[in-house]
Amino acid sequence: MSVVFALATPPAKSAICVFRVSGPGCFRGLSKLIKGSKYTIGNFHVKSFFGATGLIDKAGLVVFSGPNSYTGEDSFEVYAHGGLAVMSSFVKAFKGVGFEEAVGGEFTKRAFLNNKISLHEAEAVVDLIDAVDEKEVMLAGRSLFGGLSRDIVELAESIDLLRVRVEAEIDFSDEGNEYFDESLVDDLLIVKNNVVSFINGCVNKKNRFQKNNILLVGPVNSGKSSVFNRLLGFERAIVSDMPGTTRDIISSELFYESNTFSVFDSAGLRNTKDFVEEAGIKNTLNEIKNTDLVVGVFECYKKSVIDEFKNLAEENKFVCIQNKIDVNAKEEDFFDCCVSAKTGEGFDILKEIIVNCFDSKADKKKYNYLVRERHENIFKGVVFSLSSACEGLDQSTSLELVAEDLKNARSGFDELVGKKFSDSLLGDIFKSYCIGK
Ligand SMILES: Nc1nc2c(ncn2[C@@H]2O[C@H](COP(=O)(O)OP(=O)(O)OP(=O)(O)O)[C@@H](O)[C@H]2O)c(=O)[nH]1
Ligand SMILES: [Mg+2]
């Protein structure tokens, strides 16, 4: 293995920047960089670092001795001043002592290859870095810091125990012994159910995020764009008293109480001869079908108008709000919430209503772990093998086939943690990493 280095912080001017260096022999290069000055493993030092042209910086240094490091190799980290020129001087100096630039994910890949972490934990590292809200941090954290590994080991061991018992039955029958351990059937079913409930506690990041779309609809000029801007907290959409101002769908992210939503403003619905406005209205109608929550914005209660919008959305995903209550009388009996985009009144309640809508639908289920498509495919295979083993025992087909099914189920878990892997799989997993991780 070569010695690799990378900037672990963004290449932008900042208070400090952090470089990581890892690989056998990296201490020789370090000695040249700090001109042979002494250091203690694991301690924080401040050292003068030198390049070809002289002193670069006085920087923090922590040295790790393999296998007690992130990668499992000898490695060190440098905490330098975060100037762009400082960074490029360090890059030159590292190259000058023979270090190579790391590719994305190189450090975590080395950690995996050196048995410091399992494959699904390596994947969870990226998920933790990419997490966009507290829930995702928690789910990725559980996958990364042991909970998922512990569950997988337990399930894999319970499958192993069953297989040992099935193999014993095969040996018995080879010896002409007629005895059959009837409890095997029930125990296999219990293991299968445990696996299924474990899988039910896993959520694919993609599914978790496809659901938080909110679309604002309503008649022209009701204040949709103003409500949109007030929700986001900045002027994203153009507001004017000219009906038909918004033509296209405009979107933005809304972060509220550790939840993330995609909010969409749309063209107000009315009969129009304007070709562009008509196209915008068609977009709104299409988007209503795809969105998770439709928020109807109205100035006052008019049953026929509101019913028209309710019918376009499914009843269970429609929230009806009255806007402009700074100038219009509140009609609380007819609306879920009354607001003024102008003064901000009622928006705390509106945001709570939105959060509750998603809590009671998409996120009602409590998940334990964040997983990926690779894991889901493996889960499918494991459940298929266990179901086939259950059927085999139930219908008294060959015990050898049942043992084979159990072996396949077990090997699915081996693939998950990375006991079995191909180079192309590693390539696919680590290509999504940032440099320096
Ligand atoms: N007094 C008052 N005026 C508002 C409020 N919300 C919006 N307005 C005004 O209503 C007019 C229309 O606002 P928009 O936000 O552009 O309405 P819209 O529904 O997006 O309109 P279209 O895009 O044309 O369909 C503007 O003059 C806003 O200043 C409010 O809460 N109170
Ligand atoms: Mg608008």
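What you see is a predicted model; the values in this text were computed from it and never measured.

Participant: Outline the sheet that holds strand 12 (residues 318-322), supporting the account with residue identities and numerical values.
Facilitator: Strand order in the open sheet made by the 6 strands is 9-10-8-11-12-13, with mixed pairing throughout. Two strands lie at the open edges of the sheet, namely strand 9 (250-256) and strand 13 (337-338), each paired on one side alone. The pairing of strand 9 with strand 10 (residues 259-265) spans 7 bridges and is antiparallel. The residue bridging E253 from the neighbouring strand is S262, located in strand 10. Lying over the sheet, helix 9 (residues 224-232) contacts strand 8 (213-217), strand 9, strand 10 and strand 11 (293-298), oriented at roughly 160° with respect to strand 10. Lying over the sheet, helix 10 (residues 275-290) contacts strand 8, strand 10 and strand 11, oriented at roughly 140° with respect to strand 8.

Participant: Describe helix 2 (residues 84-96), and please don't skip the residues or the numbers.
Facilitator: Its 13 residues place the ends of helix 2 18 Å apart at the C-alpha level, agreeing with the 18 Å of an ideal helix rising 1.5 Å per residue. For helix 2, every residue scored as buried is listed here: M87, S89, F90, A93 and F94. End-on view of helix 2: buried residues confined to an arc of 160°, all on one side of the axis. For helix 2, exposure combined with an orientation more than 90 degrees from the buried face picks out L84 and A85. Positive phi appears at G98, one or two residues downstream of helix 2, with a value of about 95°.

Participant: Can you break down the pairing of strand 8 residue by residue, with the values?
Facilitator: By the criterion of burial, strand 8 is predominantly enclosed, with 4 of the 5 residues buried. Sheet topology places strand 8 next to strand 10; 4 bridges connect them, and they run parallel. Looking across to strand 10, one finds that N213 is bridged to S262. Across 4 bridges, strand 8 lies against strand 11 in parallel orientation. Pairing of I214 across the sheet is with L293, part of strand 11.

Participant: So what about the packing of helix 7 (residues 183-200) against helix 13 (residues 373-394)? Which residues, and what values?
Facilitator: With their axes 10 Å apart at the nearest point, helix 7 and helix 13 run at an angle of 160° to one another. Considered as vectors, helix 7 and helix 13 are oriented roughly antiparallel to each other. The chirality of how helix 7 crosses helix 13 is left-handed. Contacts from L184, V185, L188, L189, V191, K192, V195, V196 and I199 of helix 7 reach helix 13 at F379, V382, V383, L386, S387, A389, C390, L393 and D394. Here the residues of the contact of helix 7 with helix 13 are counted per class, giving 15 nonpolar, 1 polar and 2 charged.

Participant: Break down the site of ligand 1 for me, with residues and values.
Facilitator: Taken together, 23 residues lie near ligand 1, and G223, S225, D241, T246 and G268 sit nearest. Here the residues of the shell around ligand 1 sort into 5 nonpolar, 13 polar and 5 charged.

Participant: Break down the sheet that holds strand 5 (residues 75-81) for me, with residues and values.
Facilitator: With respect to topology, 6 strands assemble into an open sheet ordered 3-4-5-2-1-6, the strand pairing being mixed. Strand pairing shows two members of the sheet lacking a second neighbour, strand 3 (44-51) and strand 6 (100-101), which therefore form its edges. Relative to strand 2 (residues 16-22), strand 1 (residues 4-7) runs antiparallel, the two being bridged by 4 bridges. Of the residues in strand 2, the one forming a bridge with F5 is V21.

Participant: Can you lay out the domain arrangement of the protein for me, pointing to particular residues and giving the numbers?
Facilitator: Domain annotation for the protein reports domain 1 (4-113) and domain 2 (212-360). Taking only C-alpha atoms into account, the centre of domain 1 sits 52 Å from that of domain 2.

Participant: Give a detailed account of the nonpolar core, specifying residues and quantitative values.
Facilitator: If you look at the biggest cluster of nonpolar residues, it comprises 66 residues, and the most contacted ones within it are F5, F19, V21, V78, F90 and L406. Apart from the residues within four sequence positions on either side, F90 is in contact with F19, I56, V78 and A80. If you look at the next biggest cluster of nonpolar residues, it comprises 32 residues, including I214, L293, V295 and F309.

Participant: Before we move on, can you summarise the pairing of strand 12 with the specific residues and values?
Facilitator: Pairing analysis gives 5 bridges linking strand 11 to strand 12, with the strands arranged parallel. If you follow V294 over to strand 12, its bridge partner there is F318. As judged from the 2 bridges shared by strand 12 and strand 13, these two strands associate in the parallel manner. Counted as the bridge partner of I321 is C337 from strand 13.

About the criteria used
- Residues numbered from 1 in each chain as written.
- Chains lettered and ligands numbered in written order.
- Predicted model: local features only at pLDDT ≥ 70, side-chain atom pairs only at ≥ 80, totals over all residues.
- Pairing = 2+ DSSP bridges.
- Helix = DSSP H or I, 4+ residues; strand = E, 2+ residues; numbered from the N terminus.
- Contact = placed C-beta atoms within 7 Å.
- Axes fitted to C-alpha atoms, helices over the stretch in contact; angles between N-to-C directions.
- Expected span 1.5 Å × (residues − 1).
- Buried ≥ 20, exposed ≤ 12 C-beta atoms within 10 Å, placed from the backbone.
- Arc of directions from axis to C-beta.
- Parallel < 35°, antiparallel > 145°, perpendicular 65-115°, else oblique.
- Left-handed = near helix turned anticlockwise from the far one by under 90°.
- Nonpolar A, V, L, I, M, F, W, Y, C, P; charged D, E, K, R; others polar.
- Near = placed C-beta within 6 Å.
- Domains from an automatic or database assignment.
- Core = buried A, V, L, I, M, F, W, Y, C linked by C-beta atoms within 7 Å.

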